[in-house]
Amino acid sequence: MLRVLSFSSIRFPGYFGEAIRLPSLGRCLVKRGWEFHMIISGSHVNIDADEVVDGLYVHRFAIPSLLRPLFKVRKLWAILGEVFTNYLAVKGLSIIRGKDVNLLLGYMPNCWGGYPAAQCKIFTGLPMVLDCADLFKLYPSLLQSLTVKISDKILVISQPIKDFLMLRCSVPEEKIVVLPNGVDTAIFNPMVRGIGLKDKLNAEHIVLFVGYLYELDILIKVASNIVKEKPKTFFIIVGNHDRSRWIHKVKKIGLEKNFLFTGPIPHTEVPKYIMDSDVCVNIFPQKDYFAAAHPLKILEYMACGKPVVATNLPGTAQTIQNGVNGFLYNPDDAEALTKYLNTLLSDQNLRKRVGQAAWNTIRDKYTWETMTENLIKVFEEVSINPDLK
């Protein structure tokens, strides 16, 4: 049996991308007869625990109570993190020996993920893959440099992260594999039933946003224009970051009757909200981090057969073809966002056509099963195990 040991600080189970990608790939490997172990640590882990969740072997290791206050000191955090890496590596070595692990997977080049995976590689000689699921900060850290250098392959979710690794970290192109995010189409698909939000809200149209509430100013501005022509349009906001501030802004301009802030909801409930919407939006600002992102929420919108209007950034544009399976507007271009939303809300046939194209894109290219097939090819390339050759 083939066994993978991953290292990360994800909040699992959880709502957002970091808590979806790694377990989703793991579950798909389990379905193929693999064994997937996850070492999870970080400030959110309070006690050491072992459990099995959805067929995944989860090993949680808490920061020792005496060290926890020190981790809150900003100047000490990086140093303590690198020290704690050694502790996680020791725990990893124990699991490697006890479970006969064949492959190592580090999630992000940091003290919770890539660093301990790299140390385990040094001590065992096992092949290691590093997963860079976000654009990361470069630190004057020997461990970070070592992790990137000794990884046999590095996965990235988008071309901008690949370019970053090549230009800033001098990683050879042949060492990098673009493995985008995917979707669980058993949960997100056009056959999901909604929860009747239009009837509950007495709405004619619903525009949906799901995710961190980093920046909603442009959507609030656009909403004030759209409700003038379509007063029964509701904007549903699913997420919890700084929610009270955005509710206050909406009330300040008199749009509280057209906005519904749900707060966070379970990931499995999200498709019901998507199915009740007419158009789904993504509103990333023009920043390097967001430019490199491959937003999971966009893929989930598309998997439910909904038209998407999203910011025209490189990571997003690798999936959306403007005017075909969605629409792209330039960051901060409220006029373009207003135009696309008005056009889609006014044309049911256009919504159906673009939504169908969106679903076709996900079905053909962006399921977690497809991503797992590509991941196995990477494992085959680096593996010393004859069962993978």
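Computed from a predicted structure; not experimentally measured. Each residue is numbered by its place in its chain's sequence as written, counting from 1. Confidence filtering applies because this is a predicted model: local features only for residues at pLDDT of at least 70, side-chain atom pairs given and counted only at 80 or more, and all residues used for totals across whole chains, interfaces and linings. In computing side-chain values, all of the structure's heavy atoms are included and hydrogens and water are not.

So, about the sheet that holds strand 5 (residues 103-107). Strands sit in the order 3-4-2-1-5-6-7-8 across an open sheet of eight strands; the sheet is mixed. Sheet topology places strand 3 (49-53) and strand 8 (176-178) at the edges, where each strand pairs with a single neighbour. Across the sheet, the axes of successive neighbouring strands diverge by a mean angle of 20°, strand direction being ignored. Pairing of strand 6 (residues 128-132) with strand 7 (residues 153-156) involves four bridges; the strand directions are parallel. In short, DSSP must find at least two bridges between two strands for them to pair. To qualify as a helix, a DSSP run of H or I must reach at least 4 residues; to qualify as a strand, a run of E must reach at least 2; elements of each kind are numbered from the N terminus. In this description, a line fitted to the C-alpha atoms serves as the axis of each element, helices being fitted only across the stretch in contact, and the angle between N-to-C directions of two axes falls anywhere from 0 to 180 degrees.

Bringing the packing of helix 4 (residues 114-124) against helix 5 (residues 142-150) into the picture now. In contact at an axis separation of 9 Å, helix 4 and helix 5 are set at 60° when each is read in the N-to-C sense. Overall, the two elements helix 4 and helix 5 adopt an arrangement that is oblique. Remark: the crossing between helix 4 and helix 5 carries left-handed chirality. Of helix 5, the residues touching helix 4 (which contributes Gly114, Tyr115, Ala118, Gln119, Lys121 and Ile122) are Leu143, Gln144, Leu146, Thr147 and Ile150. When its residues are assigned to classes, the contact of helix 4 with helix 5 shows six nonpolar, four polar and one charged. Roughly parallel refers to an angle under 35 degrees, roughly antiparallel to one over 145, roughly perpendicular to one between 65 and 115, and oblique to any angle outside these ranges. Each crossing is labelled by how the near helix is turned from the far one, with a counterclockwise turn of less than a right angle marking it left-handed and a clockwise turn marking it right-handed. Here, residues are in contact when the closest pair of their heavy atoms is within 4.5 Å. Three classes are used, and their members are as follows: Ala, Val, Leu, Ile, Met, Phe, Trp, Tyr, Cys and Pro are nonpolar, Asp, Glu, Lys and Arg are charged, and the others, Gly among them, are polar.

This part covers helix 6 (residues 159-168). Burial here depends on accessible area, computed with a 1.4 Å probe over protein chains only, as a share of the maximum for the residue type. Under 20% is buried, over 50% is exposed, and the range in between is partly exposed. Regarding helix 6, the residues found buried are Ile161, Lys162, Phe164 and Leu165. With its buried residues spanning 160° around the axis, helix 6 presents them on a single face. As for helix 6, its buried residues are in contact with strand 6, strand 7, strand 8 and helix 11 (288-292). A positive backbone phi angle near 55° is found at Ser170, which sits one or two residues after helix 6. Throughout, the arc means the angular range of directions from the helix axis out to the C-beta atoms.

Attention now moves to the pairing of strand 13 (residues 308-311). Taken together, the two bridges between strand 12 (residues 279-281) and strand 13 define a ladder with parallel strand orientation. Paired with Val281 across the strands is Val309, a residue of strand 13. Where strand 13 lies against strand 14 (residues 327-329), three bridges are found, and the strand directions are parallel. Bridged to Thr311 within strand 14 is Tyr329.

Here we take up the pairing of strand 3. The side chains of a regular strand alternate between the sheet's two faces. With five bridges joining them, strand 3 and strand 4 (residues 56-61) adopt antiparallel strand pairing. When the sheet's bridge partners are listed, Val53 is paired in strand 4 with Leu56. The hairpin formed by strand 3 and strand 4 contains two residues between the paired strands, and Asp54 there has a positive phi angle of roughly 55°.

Right, let's get into a nonpolar patch on the surface. A contiguous nonpolar surface patch, about 310 Å² in accessible area, is contributed by Ile122, Phe123 and Leu146. Among the secondary structure elements, Phe123 is positioned in helix 4. The exposure class assigned to Phe123 is exposed, which follows from its relative accessible area of 62%. Surface patches are defined over residues having more than 30% relative accessible area and no salt bridge, joining like charges when they lie within 9 Å and nonpolar side chains (Val, Leu, Ile, Met, Phe, Trp, Tyr) when within 5 Å. Surface accessibility in these figures is a Shrake-Rupley result with a 1.4 Å probe; residues are shielded only by whichever protein chains are displayed. In what follows, salt bridge is the name for a side-chain nitrogen of Lys or Arg lying within 4 Å of a carboxyl oxygen of Asp or Glu.

Our next topic: the pattern of salt bridges. A full pass over the atoms with the stated rule returns 16 salt bridges. Among the ionic contacts, a cluster of salt bridges with common partners joins Arg3, Glu35 and Asp100.

Let us look at unusual backbone geometry. For the bond running from Phe12 to Pro13, omega is -5°, close enough to zero to count as cis. Note that Pro13 resides in the loop between strand 1 (3-8) and helix 1 (17-31). Despite not being glycine, Ser170 shows a phi value in the positive range, around 55°. For Ser170, the location among the structural elements is in the loop between helix 6 and strand 8. Of note, the phi angle at Asn202 is positive, near 55°, even though the residue is not glycine.

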